[in-house]
Amino acid sequence: MAFAFLRFPPAVCAAVLLCSSVHAADDAKLKDIEARYQSERAACESVQDKAACLRDAAAAREAARRGQLDAAQGNFDQNALARCAALPVEERDACVRRVRGEGVTEGSVKEGGVMREYREYTLPSAPPPR
């Protein structure tokens, strides 16, 4: 018995194609999450508290699977700027400048912290003429 070609409305065809591309994107995202998890597990071998490191890596993987973890650089920048907003008004501008890369940056997370320094020199007003 020969199969007859069924005619499907274009909307049905589009929905099928969309679902298959979304599924492929989800597969790629899950593979990315798993690769990052394996990388983080490997990094846990060289830390002092291996158990805590492994727990954090597993928690990050689960949060990423639920869509609650976004490691995009934009979010880091937004978070840093949000921390500046909590400072007194007279300190905010210097904080924002440090976050945006002005000044001197030393250290690394691996070394225990990043130190950012921004200096602004204000010259005294000229004395009034005599």
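Peer 1: Even after reading the chapter, I still don't get the state of the cysteines, so can you show me in this structure?
Peer 2: Covalent bonding between the sulfur atoms of two cysteines is what defines a disulfide. For the structure shown, the criterion picks out two disulfides. Residue Cys44 pairs covalently with Cys53 via a disulfide, S to S 2.0 Å. Residues Cys44 and Cys53 share a disulfide whose torsion about the S-S bond is about -80 degrees; that sign makes it left-handed. Each member of the pair, Cys44 together with Cys53, is buried. Here Cys84 pairs with Cys95 through a disulfide, and the sulfurs are 1.9 Å apart. Residues Cys84 and Cys95 are joined by a disulfide whose S-S torsion is about -75 degrees; by sign, that bridge is left-handed. Taken together, the residues span a long stretch of sequence, with Cys84 in helix α3 (residues 73–85) and Cys95 in helix α4 (residues 89–99) at a distance of 11 residues. Judged by its relative accessible area of 2%, Cys84 is buried. What links to what in the protein: the bonded cysteines, counted in sequence order, pair as 1-2, 3-4.

Peer 1: How should the side chain of Arg61 be read in this particular structure?
Peer 2: Within the fold, Arg61 resides in helix α2 (residues 50–65). In this structure, Arg61 is in contact with Ile33, Glu34 and Tyr37, ignoring residues within four places of it in sequence.

Scoring rules and cut-offs
Residue indices begin from 1 for each chain and proceed along its sequence in written order. Restriction of local features to residues with pLDDT of at least 70 applies here, the model being predicted, together with a cutoff of 80 or more for giving and counting side-chain atom pairs; totals for whole chains, interfaces and linings are based on all residues. Side-chain figures throughout are based on the complete set of non-hydrogen atoms in the structure, without hydrogens or water. The term disulfide is used for any two cysteine sulfur atoms that are within 2.5 Å. The rule is simple: take the accessible area with a 1.4 Å probe, protein chains only, and divide by the maximum for that residue type; under 20% is buried, over 50% is exposed, in between is partly exposed. Each helix is a run of DSSP H or I of at least 4 residues and each strand a run of E of at least 2, with the numbering of both proceeding from the N terminus. The contact criterion used is simple: two residues touch if any of their non-hydrogen atoms lie within 4.5 Å.

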